[in-house]
Amino acid sequence: RNGALPADCKIPTETLDKMRDEFRYWYPMNLRVSAKDLIPNHLTMALFNHAAIWEDEPALWPKSYYCNGHVLVDAEKMSKSKGNFLMMNDTVSNYSADATRFACADAGDSLDDANFSRETADSAIVSLVNEDTWMTDTLASPDLRTDGEMNFMDKVLVNDINRLVKACSKSFATMQFREGIQHGWFEMMLARNDYRSWCKDSGIAMHKDIVQRWAESVVIMICPVCPHWSESMWKKLGKEGLAVHAPWPKSEEEDKMLSRQSKFLSDSLKRFRGQAGKAKKGWSTASIVISDSYPEWKVNTLKWMQEQYDEATGTLPTTFMKELKGWTGKNVSDKKMIKFTMQFASFMKNEVADVGKVALDINLPFDQNAILQGSIAYIKSQLNLKEFDIIKLDDVKDNSVPDRVIEQVTPGKAYLWMR
């Protein structure tokens, strides 16, 4: 404390001042990382001790604690009797430092016991090597586009990069490392895979600047987990200095509308695969059926949901499902329609969580037909179809489309009609 020194103190004042200055330079603890079993004793008493010693200086109390669970190996508790415990040197020798760190990051973030998976470590080795090869070979290829124009999927990948860079940054800042590598590695790979497949099936070369930006972003985002791989790749990408010193990738705000358009294409393709798999043998005619307008009962539901939407929080109220039940009871008489209304509103609630208020628009804010037309070659290749046409229900004046198909189609939800 700041009281007088003891009369018999033999330590020079200059030494004590230097010790105090050094102590106050490092204190307080910004972060203390420990295990969950120490919460009720050691960690709690540490708070009490700091509060007792520096009663008048709360600025010197610990700033934060981060607690984790115990460590499992392949979902089993480490035990000498089982012989399944891992020594650090042996693990690094078997899997490499980066693959070990990757498996540790993927083991878990919460107070639940973290699971170190040998399979994850093995997969990390393969994945890191494969991505090294792909990035190096692809960026050295003369087949990449270098023009300034961007097509739909170019824009989608750029938008995905912007979204995932922010998500990864947020996860790492809160020490959610599993979530961080989910965004900064796995989801980045999926975004690249979709882009690569679309370009290949469409007969369009990938854009070099976009692939370069994707690769640099991946290298920097995974650097806190796999620093050795990142430093090696940073040099191979022709960058100067060290990856660890590179600034975090720049990112713009996510284009929610573009994300919704991309989701429309990917969800449609997934749905088409299931519908194509149910086609009877011999069916060779295919049509993608779309609609830009909702039936009246869905319009009424969306209008009510718009009234419930909270502009301040950007969400629907926590009591939404309870309010929905009351609203349908008063405004929908048919029991079957009540069920349909509840299902539709629940689905749209999830859409709002994904893309915001635009999900509640009465008129679809993007052109489904244009997106599908621009991806015809991709869809043909993915579904192994020779030909298909696109039918817009709003333009159909006869009964050529059966009711069972019409019932499956809503704005943003296309249907593959096989016959």
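This structure is a prediction, so every number in the text was calculated from the model and none was measured.

Some points on the sheet that holds strand S8 (residues 415-418)
Part 1: Strand order across the open sheet formed by three strands is S7-S6-S8, with mixed pairing between neighbours. A strand with exactly one partner marks an edge of an open sheet, and here the two such strands are strand S7 (389-392) and S8. Within the sheet, the average angular offset between the axes of one strand and its neighbour, ignoring direction, is 30°.
Part 2: As judged from the four bridges shared by strand S6 (residues 286-290) and S8, these two strands associate in the antiparallel manner. Its bridge partner lying in S8, alanine 286 is registered against methionine 418.
Part 3: On the sheet, helix H10 (residues 256-277) packs against S6 and S8 and is oriented at approximately 20° with respect to S8.

What about the side chain of glutamate 131?
Part 1: Along the chain, the position of glutamate 131 falls in helix H5 (residues 118-140).
Part 2: The exposure class of glutamate 131 is buried, given its relative accessible area of 9%.
Part 3: Excluding anything up to four places from it in sequence, glutamate 131 contacts Trp185, Met189, Arg192, Trp214 and Trp229.

Overview of helix H2 (residues 39-53)
What sets the pattern is the α-helix's 3.6 residues per turn: residues three or four places apart point alike.
Part 1: Taking 1.5 Å per residue, 15 residues should reach 21 Å; H2 reaches 20 Å between its end C-alpha atoms and fits that length.
Part 2: Those residues of H2 that fall on the buried side of the exposure criterion are Leu43, Ala46 and His50.
Part 3: Buried positions along H2 lie against strand S1 (32-35) and strand S2 (65-68).

Quick word on the pattern of salt bridges
Part 1: Tallied over the full model, the rule gives 18 salt bridges.
Part 2: Here glutamate 254 makes a salt bridge to lysine 256, at a shortest N to O gap of 3.7 Å.
Part 3: The partly exposed category is assigned to glutamate 254, whose relative accessible area is 21%.
Part 4: The exposure class assigned to lysine 256 is partly exposed, which follows from its relative accessible area of 38%.
Part 5: One salt bridge connects lysine 263 with glutamate 351, and the closest N-O pair in it is separated by 3.2 Å. Here lysine 263, found in helix H10, pairs with glutamate 351, found in helix H13 (residues 335-355); they are 88 residues apart in sequence, far enough to count as distant.
Part 6: Classification of glutamate 351 by relative accessible area gives buried; the value is 13%.
Part 7: Shared partners join several salt bridges into a network, and the residues in it are Arg145, Asp147 and Asp154.

Digging into the side chain of aspartate 109
Part 1: Here aspartate 109 shows up in the loop between helix H4 (97-105) and strand S5 (114-116).
Part 2: No salt bridge forms around the buried aspartate 109; measuring N to O, its nearest opposite-charge neighbour arginine 178 is 6.2 Å away.
Part 3: A polar atom in the side chain of aspartate 109 sits 3.0 Å from the backbone nitrogen of arginine 178.
Part 4: In terms of polar contacts, aspartate 109 uses its side chain to reach the backbone amide nitrogen of glutamate 179, at 3.3 Å.
Part 5: For aspartate 109, the residues in contact, after removing those within four places along its chain, are Tyr66, Met175, Gln176, Phe177, Arg178 and Glu179.

What about the packing of H4 against H5?
Part 1: Where H4 contacts H5, the axes come no closer than 8 Å and their chain directions differ by 125°. In terms of orientation, H4 lies oblique with respect to H5. H4 and H5 meet at a crossing whose hand is right-handed. Residues Asp98, Ala99, Phe102 and Ala103 of H4 form the contact with H5, whose participating residues are Thr120, Ala121, Ala124, Ile125 and Leu128.
Part 2: Considering only residue class, the contact of H4 with H5 consists of seven nonpolar, one polar and one charged.

Quick look at the packing of aromatic side chains
Part 1: Under the defined criterion, the tally for this structure stands at 15 aromatic pairs.
Part 2: Where tyrosine 27 meets tryptophan 54, the ring centres are 5.8 Å apart and the plane angle is 40°; that geometry is what we call tilted. A residue pair is termed long-range when its members are at least 10 positions apart, and tyrosine 27 in the loop between helix H1 (13-26) and S1 and tryptophan 54 in the loop between H2 and S2 qualify at 27 residues.
Part 3: The exposure class assigned to tryptophan 54 is buried, which follows from its relative accessible area of 16%.
Part 4: Between tryptophan 297 and phenylalanine 344, the aromatic rings sit 5.8 Å apart at their centres with planes inclined by 70°, giving edge-to-face as the arrangement. Linking tryptophan 297 in helix H11 (residues 296-308) with phenylalanine 344 in helix H13, this pair joins segments that are 47 residues apart in sequence.

Overview of helix H9 (residues 227-236)
Part 1: For H9, the full list of buried residues reads Trp229, Ser230, Glu231, Met233 and Trp234.
Part 2: Its buried side turned inward, H9 meets H4, H5, helix H7 (177-202) and helix H8 (208-222).

Focus: the environment of valine 126
Part 1: Structurally, valine 126 is set in helix H5.
Part 2: When its relative accessible area of 47% is taken as the criterion, valine 126 is described as partly exposed.
Part 3: Expressed as a C-alpha distance, the spacing of valine 126 and alanine 99, which sit 27 residues apart in the sequence, is 9.3 Å.

Considerations on the sheet that holds strand S3 (residues 71-73)
Part 1: Spatial ordering of the open sheet is given by S4-S3-S5, a layout of three strands whose pairing is mixed. Strands with a single pairing partner mark the edges of an open sheet, and in this sheet they are strand S4 (76-77) and S5.

Overview of the nonpolar core
Part 1: Membership of the largest hydrophobic core comes to 69 residues, with the highest contact counts inside it found for Met135, Trp214, Trp229 and Ile288.
Part 2: Setting aside residues up to four positions removed in sequence, tryptophan 214 forms contacts with Glu131, Trp134, Met135, Leu157, Ile161, Met188, Met189 and Arg192.
Part 3: Membership of the second largest hydrophobic core comes to 17 residues, among which are Tyr309, Phe320, Phe344 and Met348.

Some details on the state of the cysteines
Part 1: Under the definition given, this model contains zero disulfides.
Part 2: You can see cysteine 223 has no disulfide; the closest cysteine sulfur is in cysteine 226, sitting 9.1 Å from it.
Part 3: The exposure class assigned to cysteine 223 is buried, which follows from its relative accessible area of 6%.

What counts, and where the lines are drawn
- Residues numbered from 1 in each chain as written.
- Predicted model: local features only at pLDDT ≥ 70, side-chain atom pairs only at ≥ 80, totals over all residues.
- Heavy atoms only, no water.
- Pairing = 2+ DSSP bridges.
- Helix = DSSP H or I, 4+ residues; strand = E, 2+ residues; numbered from the N terminus.
- Axes fitted to C-alpha atoms, helices over the stretch in contact; angles between N-to-C directions.
- Contact = heavy atoms within 4.5 Å.
- Buried < 20%, exposed > 50% of the residue type's maximum accessible area, 1.4 Å probe, protein only.
- Expected span 1.5 Å × (residues − 1).
- Salt bridge = Lys/Arg side-chain N within 4 Å of Asp/Glu carboxyl O.
- Lys, Arg positive; Asp, Glu negative; His and termini not counted.
- Polar contact = N/O pair within 3.5 Å; in protein donor to acceptor, adjacent residues only side chain to side chain.
- Parallel < 35°, antiparallel > 145°, perpendicular 65-115°, else oblique.
- Left-handed = near helix turned anticlockwise from the far one by under 90°.
- Nonpolar A, V, L, I, M, F, W, Y, C, P; charged D, E, K, R; others polar.
- Phe/Tyr/Trp six-rings, centres within 6.5 Å; stacked < 30°, edge-to-face > 60°.
- Core = buried A, V, L, I, M, F, W, Y, C linked by side-chain atoms within 4.5 Å.
- Disulfide = S-S within 2.5 Å.

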